[in-house]
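Understanding the architecture of this molecule
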Amino acid sequence: MPTEILMPALSPTMEEGTLAKWLVKEGDEVASGDLLAEIETDKATMEFEAVDEGIIGKILVADGTEGVKVNTAIAVLIEEGEEVGDLATSASAAAEAEAAPAAVEAAAPAAPAPSAPAPQAADSARIFASPLARRIAADKGLDLTQIKGSGPKGRIVKADVEGATATAPKAAIAAASAPAAAPPAPAVSSDAIAAMYEGREFEEVKLDGMRKIIAARLTEAKQTIPHFYLRRDIKLDALLAFRGQLNKQLEARGVKLSVNDFIIKACAIALQQVPDANAVWAGDRVLKMKASDVAVAVAIEGGLFTPVLQDAEMRSLSSLSTQMKDLAARARDRKLAPHEYQGGSFAISNLGMFGIDNFDAVINPPHGAILAVGAGVKKPVVNSEGALDVATVMSVTLSVDHRVIDGALGAELLNAIKDNLENPMSMLA
């Protein structure tokens, strides 16, 4: 039976994407794992693999098509001897099967509720499985009603039946999902706002997928996360001198450490020193992380990424520097894989290179905190001997999710970050 190939959800936030390029053409034979297309998500361009084998019978969405919704049919997969037109017949039969119980229910008079729910034979008879999966199941004597599909819309594919046995117990678990709440309507419509500027010259900029996701997530963050803010000034003179010494020694290896590399390392170690603050909000619980996975905001055209440096507390400064440069470069080309920008418990946003003295960053859920880093500038300070001196001072602000981290714990974390940066050699001990 012809099968629709659906637009996949290649990231948790993806609702639509651009079908950038087909890597196959009509008539090509494909097997499970073969590359079918390149798809641009809200964050990156990714390759889409086949989950079953067959022949590309028809391509429904052309190269370069934007705004293709997730689960929209983009192509049709057929078997040898099948026609694409057979899909319409099978779809019509499925629609009739769905409509029949509804029609019977509408025609039936009201009756008292039965003591036990009647089995829904019509639904249980309709099993969505690929032709190859059906053949393997028949050869192995498998009951397809006892196998949970991993394909699009729960469809049973080859991988689902290969590891199953005829005596396997039924393992399907019904999960009731509450209907998603409709987003609140804006106080003023976009048309009404545009009307306010009638007669004035302006350019209307269409929101791309990334901008929509940023707007949605940050609105959610500010509306649902109880932020509070902790601020400290950090003296950088010792760190700058130490950095200069290290960069001279690393010059032959082509490594040049930035102040940001030291900040990443200082935060990673601080999360180990204050382990209760190394946590994320998970709705009805808090997850305390073991490793220090630190996300770093990277500005790109039209938005930003937060690639994650995993196990940062275990890494050398040169290793962190090399990986951060690689992640930042691929982020700007939108070539990061989802696992490279998802996760982490803590984030860093550094605007010091733009001359910003200090600012308050918005927490990126489900993180427990984010450190906003300003520029290091020369300021008059009182030294340890009580005399007036000049030092390079950097202002930082820790935005904290009060559901995860209380005030005293947040202060302890920020103090640990400050101590690590003002005593940089201790980070290498």
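In the block above lies the structure referred to throughout.
Residues numbered from 1 in each chain as written. Predicted model: local features only at pLDDT ≥ 70, side-chain atom pairs only at ≥ 80, totals over all residues. Heavy atoms only, no water.

Let's talk about the side chain of S349
Note the threshold: The secondary structure listing takes helices from DSSP runs of H or I that are at least 4 residues long and strands from runs of E that are at least 2 residues long, numbered from the N terminus. Type-normalised accessible area, obtained with a 1.4 Å probe on protein chains alone, sets the label of each residue: buried when under 20%, exposed when over 50%, and partly exposed for intermediate values.
Along the chain, S349 turns up in strand β16 (residues 346-350). Residue classification places S349 among the buried positions, given a relative accessible area of 14%.

A word on the packing of helix α8 (residues 259-273) against helix α11 (residues 407-422)
Put simply, the rule reads: Lines are fitted to the C-alpha atoms to define the axes, a helix being fitted only along its stretch in contact, and any angle between axes, read from their N-to-C directions, falls within 0 to 180 degrees. Geometric relationships in this document are graded by angle, where less than 35 degrees denotes roughly parallel, more than 145 denotes roughly antiparallel, 65 to 115 denotes roughly perpendicular, and other angles denote oblique. Left-handed describes a crossing in which the near helix is turned anticlockwise from the far one by less than a right angle; the clockwise case is right-handed. Every residue pair with non-hydrogen atoms within 4.5 Å of one another is taken to be in contact. Any residue that is not Ala, Val, Leu, Ile, Met, Phe, Trp, Tyr, Cys, Pro, Asp, Glu, Lys or Arg is counted as polar, Gly included; the first ten are nonpolar and the last four charged.
Remark: α8 packs on α11, axes separated minimally by 8 Å, with the N-to-C direction vectors making an angle of 135°. Considering the angle they form, α8 stands oblique to α11. By crossing handedness, the relation of α8 to α11 is classed as right-handed. Packed against α8, whose contacting residues are F262, I263, A266, C267, I269, A270, L271 and Q273, the element α11 presents L413, A416, I417, N420 and L421 at the interface. Among the residues forming the contact of α8 with α11, the class breakdown is eleven nonpolar, two polar and no charged.

Here's the deal with the packing of aromatic side chains
Just so we agree on the cut-off: Centre distance within 6.5 Å is the pairing criterion for rings of Phe, Tyr and Trp, where only the six-membered ring of Trp is used; planes under 30 degrees apart are then read as stacked, over 60 as edge-to-face, and the remainder as tilted.
Under the defined criterion, the tally for this structure stands at two aromatic pairs. Seen from their ring centres, F242 and F262 are 6.3 Å apart, and the 70° between their planes marks the pair as edge-to-face. Of the two residues, F242 is situated in helix α7 (residues 237-250) and F262 in helix α8; the sequence distance between them amounts to 20 residues. An identical accessibility class is assigned to F242 and F262; each is buried. Pairing F305 with Y341 gives two aromatic rings, centres 5.4 Å apart and planes at 65°, and the pair type is edge-to-face. Of this pair, F305 sits in strand β14 (residues 303-305) while Y341 sits in helix α10 (residues 338-341); the two residues are 36 residues apart in sequence, bridging distant segments of the chain. Like F305, the residue Y341 is buried in the burial classification.

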